[in-house]
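So the chains spell out like this:
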Amino acid sequence: MKKLSAMLVALILVAATAFTAFAAGINDSEQAVLDELKTSVKMNGSEMVIPSEFVNQAENYFNTIDMTADESSKIIAVLKKGESFLENSGASNIADLTFAQKQTLLAYGKEGVGVLGMTMSYDTSTKTLTIYDANGKVAFSAVPTLSKVGQVKDGSAIKTTGVAADFSGVAAVSAVALIMVAGGAFYLVKTKKERA
Amino acid sequence: MSDKKVRHGHRSKNGKGFIILPIIFCLVTYLVLYLAFVPSFSPIISAMGMFFSDNEKDYSTEYDNIFVPVSENATVPTVTKKDSDGKEKSYVKKDSVQYPGYGNLFGELIISDCNVDANLFFGDGDVALRNGVGIYAGSFVPGYGGTILVAGHNNTYFNGLKNAQVGQRVEIKTSYGNYVYEITDTAVKSANDSSAYDLSADYENLIMYTCYPFDELGLTSKRFFVYAKLVSGTQIDKGGN
């Protein structure tokens, strides 16, 4: 009887652990952060918000994790600091911030994502902000901006789907390289002919 | 003796000038042309690989594949909840949904009438569009109840969109369920026209787009949009009551 009970318990345990559970869904802690991200800030008299496409990216990421209440409150505290900083910055949008102000805002961002073990980097050449998860994978990538409440942000969501986006740049570099090689070859041949 | 040396040296200089330099020039030209055109050819080459390869290609180094198709008769775990109208409705249990991360292959998009059958990725980066079609990470996955904005190259996976017509069906298969949409409209709009989509919509709608005109080489400023509404498919339980 004991053996039978033990086998039954073992079978139940195996069945219970065999079911794979995922972190999909938005819990209360994650919803609180999303609500804070949707909060508007007053910059130079205009109510500004984070574009919905960026909030959606956060929501999508939160669907892959389980945020705790402690993490949520820490992130919200950082977000509030950032909101206050933006309201007192004197700028109309993120692009108008001075270099020092952008660095401060980036520091807030790093502190916020750091709560979830994430890292953040800013590429000054492309003006793109990228957030990496704890495994080093991209979780968010976009040019940071704010939009006026009720206004739709310009279409950065639409990609180049004909040829690769860097095609024209590569073609220009290629043309210059071709001219340089041709010029160099011509010069060498001419010099050698003259020497001969 | 010295005369011979001079003549030999002269011949060697001619050899360099008329044989070695043109060869180098030719090789450099091919290299430059390859670098210039590889972005255009790579999607075509990867698509051709699907038809001519005997072995199943291992993409594991490029992206994570979490797509496990749900067969027609299989049941997905659901939970019953009351919707905003107070009616009881079934939702896909949130614990059973493996929500895709950026760059994950998590489904398949099929439009039989347009000969479109492509891997569906979450995220519309280069790797995704080289190997299929991709959902913009600022929109949502099928079954989430929001806008699904899908991009694809006009010379490969979304070339068939040129045959899209109102009333045609779009199937999206995922690991947590299968979804059917019906095309409601098509339109050519500017790539910068943000009125072409609404990412804050609170109802499920599918928008697919590709560069326009079709089959044109070079960058285009226009996009061909295909709009579709949800016909069938169980929504994902997002949490809450």
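Nothing here was measured: the structure is a model prediction, and the numbers come from that model.

A.B. asks: Quick question: what am I supposed to make of unusual backbone geometry here?
C.D. replies: Residue B:Tyr212 is joined to B:Pro213 through a cis peptide bond whose omega torsion reads 0 degrees. Here B:Pro213 lies in the loop between strand S9 (205-212) and strand S10 (222-232). With a phi angle near 55 degrees, A:Lys127 is a residue other than glycine that sits in the positive phi range. Looking at where A:Lys127 falls in the secondary structure, it is placed in the loop between strand S3 (119-123) and strand S4 (128-132). Here B:Asn115, not a glycine, exhibits a phi torsion of approximately 55 degrees, which is positive. The topology assignment puts B:Asn115 in the loop between strand S3 (105-111) and strand S4 (116-122). Exposure remark for B:Asn115: the relative accessible area of 74% places this residue in the exposed category.

A.B. asks: When you look at the pattern of salt bridges in this model, what are you seeing that I'm missing?
C.D. replies: A complete count under the given rule lists six salt bridges over all chains for this structure. The salt bridge partner of B:Asp64 is A:Lys137, with a shortest N-O separation of 2.4 Å. Of this pair, B:Asp64 sits in the loop between helix H1 (2-52) and strand S1 (78-82) while A:Lys137 sits in the loop between S4 and strand S5 (138-142), each in a different chain. One salt bridge connects A:Lys159 with B:Asp124, and the closest N-O pair in it is separated by 3.3 Å. Taken together, the residues span two chains, with A:Lys159 in the loop between strand S6 (147-148) and helix H6 (167-195) and B:Asp124 in the loop between S4 and helix H2 (126-131). According to the relative accessible area criterion, B:Asp124 is buried, its value standing at 7%.

A.B. asks: What am I meant to see in the UniProt feature "active site" (unreviewed entry) in chain B here?
C.D. replies: Taken from the UniProt record, the annotation "active site" (unreviewed entry) applies to B:His153 and B:Cys211. For the annotated residues, spread through 59 residues, the largest C-alpha to C-alpha distance comes to 6.9 Å, consistent with a single compact locus. One can find B:His153 in the loop between strand S6 (147-151) and strand S7 (169-174). Under the relative-accessibility criterion, B:His153 is labelled buried at 8%. Within the structure, B:His153 has its side chain in polar contact with the backbone oxygen of A:Thr161 (distance 3.1 Å). Tracing the backbone shows B:Cys211 in strand S9. On the basis of relative accessible area, B:Cys211 is assigned to the buried category, the value being 1%. Setting aside chain neighbours within four positions, we find B:Cys211 in contact with A:Thr160, A:Thr161, A:Gly162, B:Asn154, B:Thr220, B:Lys222 and B:Arg223.

A.B. asks: I keep staring at the nonpolar core and nothing clicks. Help me out?
C.D. replies: Generally speaking, a soluble globular protein has its nonpolar side chains buried in company with each other. Counting residues in each nonpolar core, the largest one holds 60 residues, and the members touching the most others are A:Phe62, B:Leu109, B:Val150, B:Leu206 and B:Met208. A total of five residues in this core trace back to one element, the largest contributor, which is helix H3 (residues 52-62) of chain A. Here B:Leu206 is in contact with B:Ile148, B:Val150, B:Val170, B:Ile172, B:Tyr181, B:Val226, B:Tyr227 and B:Ala228, once residues within four sequence places are set aside. Listed in part, the 15 residues of the second largest apolar core include A:Ala157, B:Ala151, B:Tyr197 and B:Tyr209.

A.B. asks: Sorry, what's going on with the sheet that holds S4(A) here?
C.D. replies: Backbone hydrogen bonds are what pair the strands of a sheet, in a parallel or an antiparallel way. All names here are of chain A. Taken together, the three strands give an open sheet; going across it, the order is S3-S4-S5, and neighbouring strands pair in antiparallel fashion. In this open sheet, the two strands that pair with only one neighbour each are S3 and S5. With strand direction ignored, the average angle separating the axes of adjacent strands in the sheet is 15 degrees. Of the strand pairs in this sheet, S3 and S4 are connected by five bridges, and their pairing is antiparallel. Bridging across to S4, Met-120 finds its partner in Ile-131. Against the sheet, helix H5 (residues 99-114) touches S3 and S4, its axis set at about 150 degrees to S3.

Reading the values: the criteria
- Residues numbered from 1 in each chain as written.
- Chains lettered and ligands numbered in written order.
- Predicted model: local features only at pLDDT ≥ 70, side-chain atom pairs only at ≥ 80, totals over all residues.
- Heavy atoms only, no water.
- Helix = DSSP H or I, 4+ residues; strand = E, 2+ residues; numbered from the N terminus.
- Buried < 20%, exposed > 50% of the residue type's maximum accessible area, 1.4 Å probe, protein only.
- Salt bridge = Lys/Arg side-chain N within 4 Å of Asp/Glu carboxyl O.
- UniProt positions renumbered as here; feature names shortened; annotations may be inferred.
- Polar contact = N/O pair within 3.5 Å; in protein donor to acceptor, adjacent residues only side chain to side chain.
- Contact = heavy atoms within 4.5 Å.
- Core = buried A, V, L, I, M, F, W, Y, C linked by side-chain atoms within 4.5 Å.
- Pairing = 2+ DSSP bridges.
- Axes fitted to C-alpha atoms, helices over the stretch in contact; angles between N-to-C directions.

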